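Each chain, written out:
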Amino acid sequence: MPSSSRLILITDNRDMATGLKNLISYCEARGVRIALVGALAPAVLINGPIRGSMRFGNRETRDADSLVELHSWEEWKMFIEGLVALGFQRDKQEYRLRYGKAEFDLVPYGAMVTDKQVLTWPSSQLEMNMIGSSDALNSAKMTEVLPDISLPVAQLWSIIGLKIAAYRDRRFPRDLSDIVYIADEFERSDPQTRRYDVLGEANELTFEQAGAYLLGSDIKAYGSVESVAHSKEFLKSVEDEYSVIIATVLREENRAFSDSRRTYVYNLFRALYLGIQ
């Protein structure tokens with residue numbers, strides 16, 4: 001029962017394209033590492049570059065969330081001022097810029113982050129859980145996002161780690177829905193899929209569960225120690241089909257009374273956990 005609740009993801013391609021071009025050129029000129037991590041990242045990695053409209057999960061998005069590697073708030077201030085000079089506009093949110101109708105949420109990762117992986121914004125005092133951010137930056141690979149526009153995109157296994165951290169931080173149901181969608185679609189239609197390689201492993205995995213298992217395995221193989229431990233602790237908490245996590249996903253999908261969907265979603269989380277062991 002693959003995830004079927006999918007809205008069309010629409011972006012204003014002209015504003016998004018111009019904004020992305022300016023952003024990536026600016027980062028390259030300044031030697032700043034960047035990684036696309038928001039909803040556009042898994043959408044592009046699963047479906048390919050945006051061409052007019054595309055589908056991702058069960059929600060719409062109009063922004064491009066990215067991590068940028070900076071090492072002080074002074075560097076951040078200068079970085080943002082340079083983007084404003086290129087035509088970006090500030091928003092009331094400290095981390096958000098606009099380019100026409102397109103939104104760009106930029107979050108710095110560097111010395112401003114504490115040992116406990118917390119970033120505190122100076123004006124609002126908003127705290128963000130940054131666990132998994134180093135994995136996202138380190139795993140990012142140049143990927144075509146829009147026709148003829150490429151930038152570093154965090155890999156799906158690292159995005160799962162970010163989504164887990166985000167959910168534990170802010171409790172937004174959409175983060176869980178994104179985890180389910182990514183786990184369901186990972187390497188599903190890839191001709192070189194590794195799903196067949198793990199069929200029958202770990203308590204007789206099915207093809208539908210194999211993508212989630214591979215994601216868990218990749219987190220274990222490539223993730224930082226803290227990210228692996230954080231993800232494992234969260235996944236272990238999903239003990240059965242009646243877990244609060246499963247119920248939250250079903251409510252978000254408007255399928256709260258579907259027993260078959262409940263079992264399907266639980267098996268995806270179970271496969272993720274088995275893979276990370």
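All values reported here derive from a predicted model rather than from experimental measurement. (Residues numbered from 1 in each chain as written. Predicted model: local features only at pLDDT ≥ 70, side-chain atom pairs only at ≥ 80, totals over all residues. Heavy atoms only, no water.)

Taken as a whole and judged by the stated rule, the model has eleven aromatic pairs. With centroids separated by 5.0 Å and ring planes inclined at 65 degrees, the aromatic side chains of Phe88 and Tyr99 adopt a geometry described as edge-to-face. One end of the pair, Phe88, is in the loop between α3 (73–85) and β5 (89–90); the other, Tyr99, is in strand β6 (residues 96–99), and eleven residues separate them in sequence. In this structure, Phe88 and Tyr99 share a single accessibility class: buried. Ring geometry for Phe88 against Phe104: centres 5.4 Å apart, planes inclined by 80 degrees, an arrangement best described as edge-to-face. In this pair, Phe88 is assigned in the loop between α3 and β5 and Phe104 in strand β7 (residues 102–109), connecting sequence segments 16 residues apart. Just as Phe88 is buried, Phe104 falls in that class too. In this structure an aromatic cluster arises from ring pairing among Tyr26, Trp73, Trp76, Phe79, Tyr95 and Trp121. Positioned above the aromatic ring of Phe207, the side-chain terminus of Arg195 is 5.0 Å from the ring centre. (Phe/Tyr/Trp six-rings, centres within 6.5 Å; stacked < 30°, edge-to-face > 60°. Helix = DSSP H or I, 4+ residues; strand = E, 2+ residues; numbered from the N terminus. Buried < 20%, exposed > 50% of the residue type's maximum accessible area, 1.4 Å probe, protein only. Lys NZ or Arg CZ within 6 Å of the ring centre and 35° of its normal.)

Glancing now at the environment of Asp259. Within the element layout of this structure, Asp259 appears in helix α12 (residues 259–276). Taking the relative accessible area as the measure of exposure, Asp259 reaches 54% and is therefore exposed. Considered as a pair, Asp259 and Glu241 are 18 residues apart in the sequence and their alpha carbons are 9.1 Å apart.

Right, let's talk about unusual backbone geometry for a bit. One non-glycine residue, Arg171, adopts positive backbone phi at about 60 degrees. Note on placement: Arg171 falls in the loop between α5 (156–170) and α6 (173–185). Although it is not a glycine, Glu187 sits at a positive phi angle of roughly 55 degrees. Mapped onto the fold, Glu187 is located in the loop between α6 and α7 (195–198).

Here helix α1 (residues 13–30) crosses α3 at 135 degrees, and the two axes come no closer than 11 Å. Compared by their axis directions, α1 and α3 come out oblique. Handedness of the crossing formed by α1 with α3: right-handed. Contacts between α1 and α3 involve Leu23, Tyr26, Cys27 and Arg30 from the first element and Met78, Phe79, Gly82 and Leu83 from the second. Its residues assigned to classes, the contact of α1 with α3 comprises six nonpolar, one polar and one charged. (Axes fitted to C-alpha atoms, helices over the stretch in contact; angles between N-to-C directions. Parallel < 35°, antiparallel > 145°, perpendicular 65-115°, else oblique. Left-handed = near helix turned anticlockwise from the far one by under 90°. Contact = heavy atoms within 4.5 Å. Nonpolar A, V, L, I, M, F, W, Y, C, P; charged D, E, K, R; others polar.)

To continue, consider the nonpolar core. Counting residues in hydrophobic clusters, the biggest one holds 86 residues, and the most contacted among them are Leu20, Leu23, Phe79, Leu83, Phe104, Leu215 and Phe269. With eight residues, the top contributor of residues to this core is α12. Not counting residues within four places of it along the chain, the set of residues in contact with Phe104 comprises Met16, Gly19, Leu20, Leu23, Ala64, Phe88, Tyr95, Arg96, Leu97 and Tyr99. (Core = buried A, V, L, I, M, F, W, Y, C linked by side-chain atoms within 4.5 Å.)

Another point: α5. Compared with the 21 Å implied by 1.5 Å per residue over 15 residues, the 21 Å span of α5 between its first and last C-alpha is a close match. In terms of burial, α5 is a largely internal element, twelve of the 15 residues being buried. Where α5 ends, the next residue or the one after it, Arg171, has phi of about 60 degrees, a positive value. (Expected span 1.5 Å × (residues − 1).)

So, about the pattern of salt bridges. In the structure shown here, the tally under the stated rule is 14 salt bridges. Among the salt bridges present, the one from Glu69 reaches Arg33, with a minimum N-O distance of 3.0 Å. Here Glu69 is found in strand β4 (residues 66–69), whereas its partner Arg33 is found in the loop between α1 and β2 (34–36), with 36 residues between them in sequence. A residue is classified by how much of its surface remains accessible, and Glu69, at 24% relative accessible area, is partly exposed. Using a relative accessible area of 36% as the deciding quantity, one classes Arg33 as partly exposed. Arg194 is the salt-bridge partner of Glu187, the closest N and O atoms lying 3.0 Å from each other. What makes Arg194 partly exposed here is its relative accessible area of 28%. (Salt bridge = Lys/Arg side-chain N within 4 Å of Asp/Glu carboxyl O.)

This part takes up the confidence of the model for the chain. Across the chain, pLDDT averages 90, with 90% of residues at or above 70. Throughout residues 4–11 the model reports pLDDT below 50, and contacts reaching past four residues in sequence, or to other chains, amount to 33 contacts. (pLDDT = per-residue confidence, 0-100.)

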